[in-house]
Amino acid sequence: MMVIYQGFGFFLKTGIVEWEVAYNNGYKEGIYKQYYPDGKLKVEGNHKLNEKESKEIHYDESGNQINEIKYKKGKLLKSKSDSSMLVDVPNGMIENVPVHPDCEKFLGNKANKKCMYKAVSEFVNQKFNTSLIKKYGITSGKRIKINVFFKINKQGKVVDVNAKSPLPALTEEAIRVINLLPLMKPGQKRGKLVVFPYSLPIIVGVQ
């Protein structure tokens, strides 16, 4: 049976991607990344319930690891690492997140985000052309990741859709499907409409 596995997250954007921060049910949860102005990875680490957890790794502009800082439940563990390189991960939450038309009955960001995840997941699974999986010889047990980036603008429309994957056909299909998402109620911050950026990793495979 052909299936599509996927996750969902948010990312900050300041002209180019500066930070990518994953959220789950209103908490910083999972991987966070900071990038240099040229797009190269600068810092990566992990959150658990808003707190830094495990290793935070720093890289120079050539991609070499230059520092490793260890955390447990948000507390810095004693190590030989250069603690002067500590970074504050920005809070990417917007006061009122965009609302999918199937989620208008829910109140509050937490319920809306959970509903949004479910609605987008179901939509992608329904619309994605799974015949491509067989066409390109993706066998049982093999997984291919498609990283999708898009925005919901001040009018609630999905715009600026981009994607990356090892197979151009899957990249194009992911872009096509995300562009089909319905018009949504736009996000707000301090009472003003804002552009809301998303990242969506889609994992394609055969079950």
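- The name recorded for the protein chain in an unreviewed UniProt entry is TonB C-terminal domain-containing protein, from Gaetbulibacter aquiaggeris.

Regarding the confidence of the model for the protein chain
In low-pLDDT segments, the atomic positions of the prediction should not be examined closely.
So, point 1. Across the protein chain, the average pLDDT comes to 81, with 82% of residues at 70 or higher.
So, point 2. Within the protein chain, strand β7 (residues 54-59) carries the highest mean pLDDT (94), whereas strand β1 (residues 2-6) carries the lowest (43).
So, point 3. The low-confidence segment residues 1-15 (pLDDT under 50) makes 65 contacts with residues lying over four places distant or belonging to another chain.

Re the environment of Val-43
So, point 1. Within the secondary structure layout, Val-43 lies in strand β5 (residues 41-48).
So, point 2. Linking Val-43 and His-58, residues 15 residues apart in sequence, is a C-alpha distance of 4.5 Å.
So, point 3. Setting aside its immediate chain neighbours within four residues, Val-43 contacts Tyr-32, Lys-33, Gln-34, Glu-56, Ile-57, His-58 and Val-87.

As for the nonpolar core
So, point 1. Counting 28 residues, the largest nonpolar core has Ile-146, Val-148, Phe-150 and Ile-178 as the members making the most contacts within it.
So, point 2. Not counting residues up to four positions away in its chain, the partners in contact with Ile-178 are Val-124, Val-148, Phe-150, Val-158, Val-161 and Leu-200.
So, point 3. Judged by nonpolar contacts, the second largest core, of seven residues, contains Trp-19, Val-21, Tyr-23 and Tyr-32.

A few points about the packing of aromatic side chains
So, point 1. On inspection of all chains with the given rule, the structure shows two aromatic pairs.
So, point 2. Ring centres 5.3 Å apart and planes at 15° place the aromatic pair Phe-150 and Tyr-198 in the stacked group. You can see Phe-150 sitting in strand β10 (residues 143-152) and its partner Tyr-198 sitting in strand β14 (residues 196-206), a full 48 residues away along the chain. Exposure class is identical for Phe-150 and Tyr-198. Each is buried.
So, point 3. Look at Phe-196 and Tyr-198: their rings are 4.7 Å apart centre to centre, the planes differ by 45°, and that puts the pair in the tilted class.
So, point 4. According to the relative accessible area criterion, Phe-196 is buried, its value standing at 3%.
So, point 5. Each member of the aromatic cluster is reached from another via a ring pair, and the members are Phe-150, Phe-196 and Tyr-198.

Overview of the state of the cysteines
So, point 1. Enumeration according to the criterion identifies one disulfide in this entry.
So, point 2. The disulfide bridge from Cys-103 ends at Cys-115, spanning 2.1 Å between sulfur atoms. For the disulfide bridge between Cys-103 and Cys-115, the dihedral angle about the S-S bond is near -85°, and by the sign convention the bridge is left-handed. With Cys-103 in the loop between β9 (75-76) and α1 (109-127) and Cys-115 in helix α1, the pair connects residues that are twelve residues apart, well separated along the chain. Here the two residues Cys-103 and Cys-115 agree in accessibility, since each one is buried.

Brief notes about the pattern of salt bridges
Any two side chains of opposite charge can pair if their charged atoms end up close together.
So, point 1. Tallying each qualifying case throughout the model produces three salt bridges.
So, point 2. The closest approach of N and O atoms between Lys-52 and Glu-56, which form a salt bridge, is 2.8 Å. Both residues of the pair, Lys-52 and Glu-56, count as buried.
So, point 3. Here Glu-173 ties to Arg-176 by a salt bridge, and the two come within 2.7 Å at their closest N and O atoms. With Glu-173 and Arg-176 both in helix α3 (residues 168-178), this residue pair falls three residues apart, about one helical turn.

Parameters at a glance
Residues numbered from 1 in each chain as written. Predicted model: local features only at pLDDT ≥ 70, side-chain atom pairs only at ≥ 80, totals over all residues. Heavy atoms only, no water. pLDDT = per-residue confidence, 0-100. Helix = DSSP H or I, 4+ residues; strand = E, 2+ residues; numbered from the N terminus. Contact = heavy atoms within 4.5 Å. Core = buried A, V, L, I, M, F, W, Y, C linked by side-chain atoms within 4.5 Å. Buried < 20%, exposed > 50% of the residue type's maximum accessible area, 1.4 Å probe, protein only. Phe/Tyr/Trp six-rings, centres within 6.5 Å; stacked < 30°, edge-to-face > 60°. Disulfide = S-S within 2.5 Å. Salt bridge = Lys/Arg side-chain N within 4 Å of Asp/Glu carboxyl O.

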